[in-house]
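Listed here are the chains, written in short residue letters.
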Amino acid sequence: MARSGTREVTAHDIDPKKIMAEVADKDAGGTVVFIGTVRRRSEAGDVDAMEYQAYTKMAEKGLRRIEAEVREKWPVRRVSMVHREGLLKVGEVSVVVAVSSEHRAEAFEACRYAIDRIKTTLPIWKREKVRGKNRWVEGAPIKSA
Amino acid sequence: MARSGTREVTAHDIDPKKIMAEVADKDAGGTVVFIGTVRRRSEAGDVDAMEYQAYTKMAEKGLRRIEAEVREKWPVRRVSMVHREGLLKVGEVSVVVAVSSEHRAEAFEACRYAIDRIKTTLPIWKREKVRGKNRWVEGAPIKSA
Amino acid sequence: MGSVTVLYFAGARDAVGKRREVVNLEGKSTAGDLLDRLLREYPRLRPMKATIRLSINQEVVDASAPVADGDEVGVLPPVAGG
Amino acid sequence: MGSVTVLYFAGARDAVGKRREVVNLEGKSTAGDLLDRLLREYPRLRPMKATIRLSINQEVVDASAPVADGDEVGVLPPVAGG
């Protein structure tokens, strides 16, 4: 099995270049990278900032579980996933998922599956700051793995 | 309509960072990037190098057409696409497609559509060098747009 | 009997006013029993009753899951993710 | 009658031994007529007959498409892409 890169929740700026470099592999023909960024607009108006709060230990366990799920479903080469916590400005990177594989179909499917699972099963919450007000963004009950 | 980045065939190294920077957009929540790289293995054995030959003028017209198709199908923010020509070593980047959009579903679908169209409708050929032999990689008749 | 460490997150943390606390167990307890106790103790948690999930040792569990001495219990509001 | 510029690529370029040439048109011509002439002129192109496509002014065309003075015609073998 190919080696893997990062699977972490970090309070530091995410560098998508670094995550992409981690999945480079001479047996890979395709790499798909998803980069989530803080959007300017929300239902409540223009966003000043977004605060991410994580249950770090559980979220990192979740990232390892998601990688195992991906490898069970697709013959991917390398996987790297990082999620931010802390206060982010508009345009800043909140999450990166990178997957390399021999052929591109698996890389697309695996990357999309991983980000969907990150968004629905990881214990990470976000609070938007709009016109001086703070509001936890409403989502769905966390799914069990 | 949001601005777009590069849509070109180039004889120079592709820098995925640059293509990703071109699709950054404060109204985008998700960016999907596909990076194609030269694989070590082929049917004929281990690859020494891959030569890409392009009908540049037609290929660049094709990239503009693919962008128009994408924008007709999905409300994406920015699109950037670059394809290499010339001689590439194993691991080097042959093609990059980056798409940003408000929500991630469109970015995934649009990016995948674009690379599928690039691979089947653009007049770009590749010749692999394996154990000192050159061989045009067999594909399918080029599809009309 | 023993005790568990309860961690609160997001809206639950705001409602309870604590990040964490140690809670003594009363006899055999399930995750559902524990959540009921927390809802009685913290009325501001009650509006979130239907959407909160609990984790035990970093795994989301059903209400019927047993809670044991030394467990780490998470009180997890809905997630919006990424 | 006029003439067109024909561009050869990949295996077709190797078979013909040229990157490009100017071809005079014989009366009213279609893409299919022109391809037939090229196949007669370059026997090494013939094995590729079924899979070659032609473009006129950078658009892939059917055999029935008319070819006109000044057009740029591409002789395009199958693509493997990316």
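Residues numbered from 1 in each chain as written. Chains lettered and ligands numbered in written order. Predicted model: local features only at pLDDT ≥ 70, side-chain atom pairs only at ≥ 80, totals over all residues. Heavy atoms only, no water.

### Some details on the overall build of chain A
Okay, so step 1: When its secondary structure is counted, chain A shows three helices and nine strands.
Okay, so step 2: A compact globule built from 145 residues would reach a C-alpha radius of gyration of about 15 Å, and chain A, at 16 Å, matches this within 12%.
Okay, so step 3: Here the C-alpha coordinates of chain A stretch approximately 50 × 30 × 25 Å along the principal axes.
Okay, so step 4: Restricting the contact set of chain A to residue pairs at least 6 apart, pairs at least 24 apart contribute 75%.
Okay, so step 5: When the accessible surface of chain A is summed, it comes to about 6,200 Å², and 46% of that surface belongs to carbon and sulfur atoms. (Helix = DSSP H or I, 4+ residues; strand = E, 2+ residues; numbered from the N terminus. Rg over C-alpha atoms; globule rule 2.2 N^0.38 Å. Contact = heavy atoms within 4.5 Å. Areas by Shrake-Rupley, 256 points an atom, 1.4 Å probe, with all protein chains shown as cover.)

### Looking at the interface of chain A and chain B
Okay, so step 1: Across the boundary between the two partners, chain A contributes 31 residues, which contact 31 residues of chain B.
Okay, so step 2: Of the roughly 2,900 Å² buried between chain A and chain B on both sides combined, carbon and sulfur atoms contribute 54%.
Okay, so step 3: Linking chain A to chain B there are ten salt bridges.
Okay, so step 4: Close ionic contact of B:Asp27 with A:Arg41 constitutes a salt bridge, the shortest N to O distance being 3.6 Å. (Buried area = accessible area lost by both parts, 1.4 Å probe. Salt bridge = Lys/Arg side-chain N within 4 Å of Asp/Glu carboxyl O.)

### What about the relation of the copies chain A and chain B?
Okay, so step 1: Expressed as a screw transformation, the operator carrying chain A onto chain B has a rotation angle of 180° and an axial translation of 0.0 Å, and the superposed copies differ by an RMSD of 0.0 Å. Here the symmetry operator amounts to a two-fold rotation axis. Scanning chain A for the C-alpha nearest the rotation axis identifies A:Val33, at a separation of 2.5 Å.
Okay, so step 2: When you check the interface residues of chain A against chain B, 100% turn up at the interface there too, and the contact is symmetric in its surfaces. (Least-squares fit on C-alpha atoms with pLDDT ≥ 70 in both.)

### A short note on the interface of chain A and chain C
Okay, so step 1: Contacts between the two partners involve 27 residues from chain A, matched on the other side by 22 residues from chain C.
Okay, so step 2: Interface of chain A and chain C: buried area, both sides summed, is about 2,200 Å²; carbon and sulfur atoms make up 59% of it.
Okay, so step 3: Taken as a group, A:Tyr55, A:Trp125 and A:Ile142 account for 30% of the area that chain A buries against chain C, more than any other trio of residues on that side.
Okay, so step 4: Where chain A packs against chain C, one counts one salt bridge.
Okay, so step 5: Note that C:Asp14 and A:Arg127 form a salt bridge whose closest N and O atoms lie 3.3 Å from each other.
Okay, so step 6: Between the two partners, chain A and chain C, sit nine residue pairs in polar contact (both at pLDDT 80 or more).
Okay, so step 7: Sorting the residues of the side of chain A that touches chain C by element identifies strand S4 (45–54), helix H2 (56–73), strand S7 (93–101), helix H3 (104–121) and strand S8 (124–130) of chain A as the ones contributing at least two each.
Okay, so step 8: Among the elements that make up the side of chain A that touches chain C, the one with the highest residue count is S8(A) (four residues). (Polar contact = N/O pair within 3.5 Å; in protein donor to acceptor, adjacent residues only side chain to side chain.)

### Observations concerning the sheet that holds strand S5 (residues 76–84) of chain A
Okay, so step 1: Strand order in the open sheet formed by eight strands is S1(A)-S5(A)-S7(A)-S2(A)-S2(B)-S7(B)-S5(B)-S1(B), and the pairing between neighbours is mixed. Of all strands in the sheet, those with a lone pairing partner are strand S1 (7–10) of chain A together with strand S1 (7–10) of chain B, marking the two edges. Strand-to-strand, the axes of this sheet are offset by a mean angle of 10°, without reference to chain direction.
Okay, so step 2: Looking at chain direction, strand S5 (residues 76–84) of chain B and strand S7 (residues 93–101) of chain B are connected through seven bridges and run antiparallel. When the bridges of S7(B) are listed, B:Ser80 appears paired with B:Ala98.
Okay, so step 3: Docked against the sheet, H3(A) engages strand S2 (30–37), S5 and S7 of chain A together with strand S2 (30–37) of chain B, running at close to 150° with respect to S7(A).
Okay, so step 4: Helix H3 (residues 104–121) of chain B rests against S2 of chain A together with S2, S5 and S7 of chain B of the sheet, and its axis sits at about 150° to S7(B). (Pairing = 2+ DSSP bridges. Axes fitted to C-alpha atoms, helices over the stretch in contact; angles between N-to-C directions.)

### Structural notes on the confidence of the model for chain C
Okay, so step 1: Summing up the model confidence of chain C, the mean pLDDT is 95 and the portion of residues at 70 or higher is 98%.
Okay, so step 2: With a pTM of 0.94, the predicted complex shows an ipTM of 0.93. (pLDDT = per-residue confidence, 0-100.)

### Things to note about the packing of aromatic side chains
Okay, so step 1: Per the stated rule, a full pass over the model turns up ten aromatic pairs over all chains.
Okay, so step 2: Their ring planes at 10° and their centres at 5.7 Å tell us that A:Phe34 and B:Phe108 sit as a pair that is stacked. With one member in each of two chains, A:Phe34 in strand S2 and B:Phe108 in helix H3 form a pair that bridges those chains. In this structure, A:Phe34 and B:Phe108 share a single accessibility class: buried.
Okay, so step 3: Pairing C:Tyr8 with C:Tyr42 gives two aromatic rings, centres 6.1 Å apart and planes at 75°, and the pair type is edge-to-face. One end of the pair, C:Tyr8, is in strand S1 (residues 3–8); the other, C:Tyr42, is in the loop between helix H2 (31–41) and strand S4 (53–56), and 34 residues separate them in sequence. Residues C:Tyr8 and C:Tyr42 agree in their burial class; the two are buried.
Okay, so step 4: Three or more aromatic residues joined by ring pairs make a cluster, and in this case those are A:Tyr55, A:Trp125 and C:Phe9. (Phe/Tyr/Trp six-rings, centres within 6.5 Å; stacked < 30°, edge-to-face > 60°. Buried < 20%, exposed > 50% of the residue type's maximum accessible area, 1.4 Å probe, protein only.)

### Observations regarding the packing of H3(A) against H3(B)
Okay, so step 1: Orientation of H3(A) relative to H3(B), taken along the N-to-C sense of each, is 175°, at an axis distance of 11 Å. The angle between the axes of H3(A) and H3(B) places the two elements in the roughly antiparallel class. Contact residues: H3(A) offers A:Arg104, A:Ala105, A:Phe108, A:Glu109, A:Cys111, A:Arg112, A:Ile115, A:Asp116 and A:Lys119, while H3(B) offers B:Arg104, B:Ala105, B:Phe108, B:Glu109, B:Cys111, B:Arg112, B:Ile115, B:Asp116 and B:Lys119. (Parallel < 35°, antiparallel > 145°, perpendicular 65-115°, else oblique.)

### Regarding the side chain of B:Arg127
Okay, so step 1: Note on placement: B:Arg127 falls in strand S8 (residues 124–130).
Okay, so step 2: Judged by its relative accessible area of 15%, B:Arg127 is buried.
Okay, so step 3: Separated by 3.3 Å, the side chains of B:Arg127 and D:Asp14 make a polar contact.
Okay, so step 4: With sequence-adjacent residues up to four places away left out, B:Arg127 is seen in contact with B:Ala49, B:Met50, B:Glu51, B:Asn134, B:Arg135, B:Trp136 and D:Asp14.

### Thoughts on the sheet that holds strand S4 (residues 53–56) of chain D
Residue and element names in this part refer to chain D.
Okay, so step 1: Ordered by their spatial adjacency, five strands build an open sheet running S2-S1-S7-S4-S5, and the pairing between neighbours is mixed. The open sheet has two edge strands, strand S2 (20–24) and strand S5 (59–61), and neither has a second partner. Taking each pair of neighbouring strands and ignoring which way they run, the sheet shows an average axis angle of 35°.
Okay, so step 2: Sheet analysis places strand S1 (residues 3–8) next to S2, joined by five bridges and oriented antiparallel. Pairing of Leu7 across the sheet is with Arg20, part of S2.

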